[in-house]
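One-letter residues, chain by chain:
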Amino acid sequence: PPPRPGKSLPVSPIASMILPGTLWNSIGRSAPLRAFAAPLRVPAFYLRAPAFSLHMSSSPSPSPIYGLPPGPFPVGVTTVEVVDRSRRDPGDPSSPRRLQTEIWYPAAAETGTVNRFSDFLGGGAIPGSIERANDPKAIGGYRDGLTVAELDGGVWTNHAMRDAHPSGTGLPLVLFSHGAGAFRASYIYWTEFLATHGYVVAAPDHPGSARYTQVGGKVITPGGARSTWDSMAGERPRDMIAVLDFFDGRERTEGPPTALQERLRGATDAQNVAMTGMSFGGHTTANVMMERDPRIKVAVLKCPALFDRNYSALAGGAPIMVMLGSEDTVIGNRDGNGKAKAYLDTHDKDSYLVEVRRGGHVSFTSCEIYNKEYGNGIGSKSPSLTRPGEFYKPLDIVEQHQMINTYGLAFLNKYLLPNQQDDAGRKLLLDAARGEGPFSKEELIIRAKI
């Protein structure tokens, strides 16, 4: 969650706002994603191909990244530096605001190259950039001793193909805002998964709020004017609109868009958009939705940090889904779950709650790829919010992601792709209004106001 208003974000402990105690720097060895020990029960509508005119792939087995089988479409991924010339960079007033942005999208089969983690870092083109990423205050902080070489060597697992040819037209756009001290690629359970189901997903790093990013040929890490409360809270929502404007055909690159960027913009419907985010990104999402941009039709807020104002009095305008972990000790210690529910309860449009009982703050990330014992919802035990002074055993992260993606995708399909939503998907959301669903009530709380 965001720091207190008026406080500058220090260079090294930005993550102390996200993870309690020593979790930021004391994490055990991660392992490559493993096959399932037992098959997961998968809702039937995820095994059916929607009626897109795209190349279909077939993969009936659940993915350990997504918790569900991939959708019917291959995934491409590309990096774009979005430039907002209407703003100055708080850390460098001589420069416009620049955003290293990752885009996942439905792709033509057998195009592109296998995506490596270092591709998110520009392949090391900036001298010293990989070494800086290895720093424990940057990507290396996801686990003690973690390196980009190790991630490239097999720890980082994804399905995306770098710079593959986009496929399809009229694709809805999902914007995603990361948490404070996080990194745009650390949520592929959501961003990449949605692309397999026909969505274009764009996630920028927020300079000063991301633990590491590259813009204008420079590596940017937290600290200074970019990382004050006022800067982060004010710039983040505008970052998301700048990314949306890129897809809406406005001039948002350093030079003319590349051929790939032009094809992506041509394939995307920038008038049919979802705004989503996690933690501080949930705060960003709430603030974006307050602006009532007519292009943005729905929002998904994951463990949102709604501390700085009475958001319940500002809710409304579009259908929303709020996702929480009952054991989230990050926002939960400040009644963040209660504030998020108040925001939901006072909403004047369709609203849905998805709450993982044995889930925490980091349940809504892909940090298990970096470290299977990351903590706060990932691993064998985490400090409990509901039983202070005790520990709980988080639900297996693959099962948590199955729940999150089951409801998240059904929600987006209902409002952004209503013609593609089948009877099973519609029933899932209707049942939510009665507190019913395919998952055990001992593990998941569901409710809806439709």
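This one's a predicted model, so the numbers in the text were calculated from it and none came from an experiment. (Residues numbered from 1 in each chain as written. Predicted model: local features only at pLDDT ≥ 70, side-chain atom pairs only at ≥ 80, totals over all residues. Heavy atoms only, no water.)

A. Geometry of the nonpolar core. Counting residues in each nonpolar core, the largest one holds 118 residues, and the members touching the most others are Trp104, Phe117, Phe183 and Leu412. Not counting the four nearest positions on each side in its chain, phenylalanine 117 is found in contact with Ile139, Val148, Leu151, Asp152, Trp156, Phe183 and Tyr370. Core analysis: the second largest hydrophobic core is formed by five residues, Ala180, Met232, Ala233 and Phe280 among them. (Core = buried A, V, L, I, M, F, W, Y, C linked by side-chain atoms within 4.5 Å. Buried < 20%, exposed > 50% of the residue type's maximum accessible area, 1.4 Å probe, protein only. Contact = heavy atoms within 4.5 Å.)

B. Representation of helix H3 (residues 188-196) in the model. Counting buried residues along H3, nine of its nine residues qualify, which places the element largely inside the surrounding structure. Two residues or fewer after H3 comes glycine 198, characterised by a positive phi angle close to 95 degrees. (Helix = DSSP H or I, 4+ residues; strand = E, 2+ residues; numbered from the N terminus.)

C. Spatial organisation of the packing of aromatic side chains. Inspection of the entire model under this criterion finds 17 aromatic pairs. Judged by centre distance (3.9 Å) and plane angle (10 degrees), the ring pair of tyrosine 142 and tyrosine 370 falls under stacked. With tyrosine 142 in the loop between helix H1 (129-133) and helix H2 (148-155) and tyrosine 370 in the loop between strand S12 (351-356) and strand S13 (382-383), the pair connects residues that are 228 residues apart, well separated along the chain. Take tyrosine 142: its relative accessible area is 1%, and that puts it in the buried class. We classify tyrosine 370 as buried; its relative accessible area is 0%. Geometrically, the ring pair formed by tyrosine 142 and tyrosine 374 is tilted, given 6.1 Å between the ring centres and 45 degrees between the ring planes. In this pair, tyrosine 142 sits in the loop between H1 and H2 while tyrosine 374 sits in the loop between S12 and S13, placing the two residues 232 residues apart along the sequence. (Phe/Tyr/Trp six-rings, centres within 6.5 Å; stacked < 30°, edge-to-face > 60°.)

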